[in-house]
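Notes for the structure review
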Amino acid sequence: MLFSSNDFKGVYSQNKVLVYNVALNYLQNIEDAEEITQDVFIKVHQSLHKFENNATLKTWIYRITINCCLDYIKHKNSKKRFFIFGTKSDAETELQKVSHFDHPGIVLENKENAEILFKVINELTENQKTAFMLSKLDGLSNSEIATIMEVSISSVESLVFRAKAALKEKLSQKFETYRKKK
């Protein structure tokens, strides 16, 4: 399938909010989400001519976005490990900023609870986190998630179930500890 520059503009305008929201949910930082959004659309633009209709364009873009987010997180975590053993630098300040929770959809009084929730979500396995976020935060169906993640629908159901069970256990521990402090 051949796309023109006008087609790309349409793809961008139809999907920029989706990409940004997925990135924001994964990274919980506005600047990082904006950076990932740019990276995703650079990849989309470079690869649009290779797109095959095996999946919908939306599913393909979701997959690129998730992969970019996961790569970004891995890269960020490897930098953190490096700084533990390396010397302090200006980049360390940047890393501290990266891990700061900054999500505009969270009301100020709920920010502490949301920060705890996203911290626990980030502790899930990669596949559980992806399935849970696509299901509960993006509202996608299990069949859409299965296509994006390239797994079976029953695998998605299992991943979401295990993610919810893990979140329930971890959150109950976190809030029990939190209540004891007060």
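Higher on the page you've got the structure.
Now for a look at the structure at hand.

Before going further, it helps to spend a moment on the environment of Ile 36. Locating Ile 36 in the fold gives a position in helix α2 (residues 30–47). With relative accessibility at 1%, the residue Ile 36 sits in the buried group. Each C-alpha atom of the pair Ile 36 and Tyr 72 lies 8.1 Å from the other, and the pair is 36 residues apart in sequence. In contact with Ile 36, not counting residues within four places along its chain, are Ala 23, Leu 27, Cys 68, Cys 69 and Tyr 72.

So, on to the layout of surface pockets. Considering only enclosed or pocket space, the second largest pocket measures out at about 210 Å³ in volume. Considering the residues around the second largest pocket, the lining is formed by 13 residues, among which Ile 66, Asn 67, Leu 70, Asn 127 and Met 149 are closest to the centre. Looking at the lining of the second largest pocket, the elements with two or more residues in it are α3 (57–85), α6 (126–137) and α7 (142–149). Looking at the lining of the second largest pocket, the element that brings in the most residues is α3, giving six residues. Each residue belonging to the lining of the second largest pocket can be placed in one class, and the counts come to five nonpolar, three polar and five charged.

With respect to the helices and strands, Thr 65 occurs in helix α3. There is a polar contact of 2.8 Å between the side chain of Thr 65 and the backbone oxygen of Ile 61. Once residues lying within four places of it in the same chain are set aside, the contact partners of Thr 65 are Val 19, Val 22, Ala 23 and Val 40.

Let us now look at unusual backbone geometry. Located in the positive-phi region is Gln 28, a residue other than glycine, with phi close to 55 degrees. With phi around 60 degrees, Glu 150 is a residue other than glycine that occupies positive phi space. Looking at the element boundaries, Glu 150 is found in the loop between α7 and α8 (153–181).

Time to look at the packing of aromatic side chains. Inspection of every chain in the model, using the stated rule, returns three aromatic pairs. Both rings, one in Phe 8 and one in Phe 41, keep their centres 6.4 Å apart while their planes meet at 75 degrees; by these two values the pair is edge-to-face. With Phe 8 in helix α1 (residues 5–27) and Phe 41 in helix α2, the pair connects residues that are 33 residues apart, well separated along the chain. Ring geometry for Tyr 12 and Phe 41: centres 4.8 Å apart, planes at 75 degrees, overall edge-to-face. Taken as a pair, Tyr 12 in helix α1 and Phe 41 in helix α2 lie far apart in primary sequence, 29 residues in all. On the basis of relative accessible area, Tyr 12 is assigned to the partly exposed category, the value being 34%. Within the aromatic cluster, the residues linked to one another by ring pairs are Phe 8, Tyr 12 and Phe 41.

This part covers the environment of Leu 117. By the secondary structure assignment, Leu 117 is in helix α5 (residues 111–122). Overall, the relative accessible area of 33% leaves Leu 117 in the partly exposed class. Measuring from C-alpha to C-alpha, the distance between Leu 117 and Lys 170 comes to 9.4 Å, with 53 residues separating the pair along the chain.

We now examine the packing of α6 against α7. Where α6 contacts α7, the two axes come as close as 10 Å, and the packing angle between them is 140 degrees. Classified by the angle their axes make, α6 and α7 are oblique. The handedness of the crossing between α6 and α7 is right-handed. Here Asn 127, Thr 130, Ala 131, Leu 134 and Ser 135 of α6 lie close against α7, whose contacting residues are Ile 145, Ile 148 and Met 149. Within the contact of α6 with α7, the residues separate by chemical class into five nonpolar, three polar and no charged.

Reading the values: rules and limits
Residues numbered from 1 in each chain as written. Predicted model: local features only at pLDDT ≥ 70, side-chain atom pairs only at ≥ 80, totals over all residues. Heavy atoms only, no water. Helix = DSSP H or I, 4+ residues; strand = E, 2+ residues; numbered from the N terminus. Buried < 20%, exposed > 50% of the residue type's maximum accessible area, 1.4 Å probe, protein only. Contact = heavy atoms within 4.5 Å. 1 Å grid on protein atoms, 1.4 Å probe; cavity = no way out; pocket = protein on both sides within 12 Å on 5 of 7 lines; lining within 4 Å. Points joined across faces, edges and corners; volume = space filled by probe spheres on them. Nonpolar A, V, L, I, M, F, W, Y, C, P; charged D, E, K, R; others polar. Polar contact = N/O pair within 3.5 Å; in protein donor to acceptor, adjacent residues only side chain to side chain. Phe/Tyr/Trp six-rings, centres within 6.5 Å; stacked < 30°, edge-to-face > 60°. Axes fitted to C-alpha atoms, helices over the stretch in contact; angles between N-to-C directions. Parallel < 35°, antiparallel > 145°, perpendicular 65-115°, else oblique. Left-handed = near helix turned anticlockwise from the far one by under 90°.

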